[in-house]
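Here is what each chain is made of, one letter per residue.
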Amino acid sequence: MHTFENKVAVITGAASGFGREFANIGARLGMKLVLADVQQDALEAARAELAQQGAQVTALRCDVRHAAEVQALADEAMRAFGAVHLLFNNAGVGAGGLVWENSQADWEWVLGVNLWGVIHGVRIFTPLMLECASKDSSYQGHIVNTASMAGLLNAPTMGIYNVSKHAVVSLSESLYQDLKLVDAPIGASVLCPYFVPTGISASHRNRPDDLKQDTPPTASQRAAQAMSDKAVGSGKVSAVQVAEWTFDAIRDDRFYIYSHPGALGNVQQRMEEIIQQKNPGDPYAAAPHIRDMLREKLKG
């Protein structure tokens, strides 16, 4: 996808973080924007700000856990602009703790947003985009799924998040191969950011009432939250930079998008351990003080 002006972009998780920056860049490039987020007030503020800047924009509150709401988002995009060219399956949440201490509600919430949100987006929007392509010989489209470096690594006390993001990487690679198989004029990318200051560490603010934690957090859950707050808050790469690199990747039809390429050494080590049938290595071998600090926190 090489041109963006007058093309239609649909963005989930559009009210903050990467989604908000995707919208800013899309507006600057002259795109028509369809914004979705579960936080109504932030979504409306984003819509109003972009409209004031002259962007053609519509917005719809959407909980991506629910297929009907993602379908309503697709319907709104077609009603407002008559096509979809660029899809960002970007909505995401985080939760941590020792994997056996997470409740069913924790799993349903994180997998519902991080994985099922992407599944619904791919399942609903890909046929719609293919239909748009069938009606326009010059059509170019692209789908970007937001995963994480946690989709390529497995740090402790991040089990639910790791599982959700590994699945998104797999889904994205499968989508890429399937689109190539049918010669679709639609590209695909997976975004794998590391620690970037966004709202992800405070995503519990939007946790639905039916999946609220009904017991106090465990020591491991408190430790995971504290480490996430510190790591995300102290990140040196900004969401603006990651959004710019993402649009560069779309232009270049590049599948893997990284915010911190230096972290790929850990990914390479993991792949070599798999090939050589070694037990998983210590993710904190190069930073044992972090492992020791985490162990200390687990004592409560």
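Everything below is about the structure printed above this text.
Keep in mind the model is a prediction, meaning the values are calculated, not measured. (Residues numbered from 1 in each chain as written. Predicted model: local features only at pLDDT ≥ 70, side-chain atom pairs only at ≥ 80, totals over all residues. Heavy atoms only, no water.)

Colleague: Got a minute to help me understand the side chain of Thr146 in this structure?
Modeller: Residue position: Thr146 is located in strand E5 (residues 141-146). Excluding its chain neighbours within four sequence positions, the residues that come into contact with Thr146 are Asn89, Asn90, Lys165, Val168 and Leu191. (Helix = DSSP H or I, 4+ residues; strand = E, 2+ residues; numbered from the N terminus. Contact = heavy atoms within 4.5 Å.)

Colleague: Can you walk me through the packing of helix H3 (residues 67-81) against helix H4 (residues 104-134) in this structure?
Modeller: Viewed as axis vectors pointing N to C, H3 and H4 meet at an angle of 25°, and their least axial separation amounts to 9 Å. Between H3 and H4, the crossing angle belongs to the class labelled roughly parallel. Here H3 runs over H4; the crossing is right-handed. Together, Ala67, Val70, Gln71, Leu73, Ala74 and Met78 of H3 and His120, Gly121, Arg123, Ile124, Phe125, Leu128 and Cys132 of H4 make up the contact between the two elements. Tallied by class, residues from the contact of H3 with H4 come to 9 nonpolar, 3 polar and 1 charged. (Axes fitted to C-alpha atoms, helices over the stretch in contact; angles between N-to-C directions. Parallel < 35°, antiparallel > 145°, perpendicular 65-115°, else oblique. Left-handed = near helix turned anticlockwise from the far one by under 90°. Nonpolar A, V, L, I, M, F, W, Y, C, P; charged D, E, K, R; others polar.)

Colleague: I would appreciate a short explanation of the nonpolar core in the present structure.
Modeller: Soluble globular proteins tend to bury their nonpolar side chains together. Ranked by size, the top nonpolar core spans 49 residues in total, and within it Val10, Phe125 and Met129 carry the most contacts. Put simply, the parts of the chain that give this core at least two residues each are strand E1 (8-12), strand E2 (32-37), H3, H4, helix H5 (159-181) and strand E6 (186-192). With 13 residues, the single largest contributor to this core is H4. Beyond its immediate stretch of four places on either side in the chain, Met129 contacts Val84, His85, Leu86, Leu87, Tyr139, Gly141, His142, Ile143 and Ile186. (Core = buried A, V, L, I, M, F, W, Y, C linked by side-chain atoms within 4.5 Å. Buried < 20%, exposed > 50% of the residue type's maximum accessible area, 1.4 Å probe, protein only.)

Colleague: For this particular structure, what's the right way to read empty space enclosed by the protein?
Modeller: Rolled over the atoms, a probe as big as a water molecule pinpoints where empty space is left. If you walk through the whole model with that rule in mind, you get 1 cavity of 30 Å³ or more. In this structure, the largest cavity occupies an estimated 40 Å³ of space. If you trace the largest cavity, you find it lined by Thr12, Cys62, Val64, Val70, Leu73, Asn89, Gly117, Gly121 and Phe125. The biggest single contributor to the lining of the largest cavity is H4, with 3 residues. (1 Å grid on protein atoms, 1.4 Å probe; cavity = no way out; pocket = protein on both sides within 12 Å on 5 of 7 lines; lining within 4 Å. Points joined across faces, edges and corners; volume = space filled by probe spheres on them.)

Colleague: Help me out: how do you make sense of the sheet that holds E2 in this one?
Modeller: Strand-to-strand pairing in sheets goes through backbone hydrogen bonds, with the strands running parallel or antiparallel. Reading across from one edge, E3-E2-E1-E4-E5-E6-E7 is the order of the 7 strands in this open sheet, with parallel pairing throughout. The two strands at the open ends of the sheet, each matched to only one other strand, are strand E3 (56-61) and strand E7 (256-258). For this sheet, the mean inter-axis angle between neighbouring strands, taken without regard to orientation, is 15°. In the sheet, E2 pairs with E3 via 6 bridges, with the strands oriented parallel. Residue pairing for E3: Leu35 is matched across the bridge by Ala59. Contacting E1, E2 and E3, H3 runs over the sheet at an angle of about 160° to E3. (Pairing = 2+ DSSP bridges.)

Colleague: It is not clear to me how helix H8 (residues 264-275) should be interpreted in this structure. Could you clarify?
Modeller: Residues separated by three or four positions in an α-helix point in the same direction, a consequence of the helix having 3.6 residues per turn. Its 12 residues give H8 an end-to-end C-alpha distance of 16 Å, which sits within 8% of 16 Å, the value for a rise of 1.5 Å per residue. Just past H8, the residue Gln277 takes up positive phi, approximately 55°. (Expected span 1.5 Å × (residues − 1).)

Colleague: Which parts of the structure should I look at to understand the pattern of salt bridges?
Modeller: Opposite charge on two side chains permits them to pair, given that their charged atoms come into close proximity. Enumeration over the complete set of coordinates arrives at 12 salt bridges. Of the charged contacts in the structure, one is a salt bridge between Arg20 and Glu49, with a shortest N-O distance of 2.5 Å. Of the two residues, Arg20 is situated in helix H1 (residues 17-28) and Glu49 in helix H2 (residues 40-52); the sequence distance between them amounts to 29 residues. When its relative accessible area of 39% is taken as the criterion, Glu49 is described as partly exposed. Connected via shared salt-bridge partners are Asp282, Arg291 and Asp292. (Salt bridge = Lys/Arg side-chain N within 4 Å of Asp/Glu carboxyl O.)

Colleague: Explain the environment of Leu98 to me, please; I cannot follow it from the model alone.
Modeller: Examined against the element boundaries, Leu98 turns out to sit in the loop between strand E4 (86-89) and H4. Separated by 45 residues in sequence, Leu98 and Gln53 have C-alpha atoms that sit 45 Å apart. Excluding anything up to four places from it in sequence, Leu98 contacts Thr157 and Ser220.

Colleague: Could you clarify how one ought to interpret the packing of aromatic side chains in this entry?
Modeller: In this description, a pair of aromatic rings is defined by centroid distance and the angle of the planes. Under the defined criterion, the tally for this structure stands at 7 aromatic pairs. Seen in terms of ring centroids, Tyr176 and Phe255 are 5.3 Å apart; in terms of plane orientation they differ by 65°. Their pairing is edge-to-face. Taken together, the positions of Tyr176 in helix H5 and Phe255 in the loop between helix H7 (239-252) and E7 put the pair 79 residues apart, joining distant regions of the chain. On the basis of relative accessibility, which here comes to 24%, the residue Tyr176 falls in the partly exposed class. (Phe/Tyr/Trp six-rings, centres within 6.5 Å; stacked < 30°, edge-to-face > 60°.)

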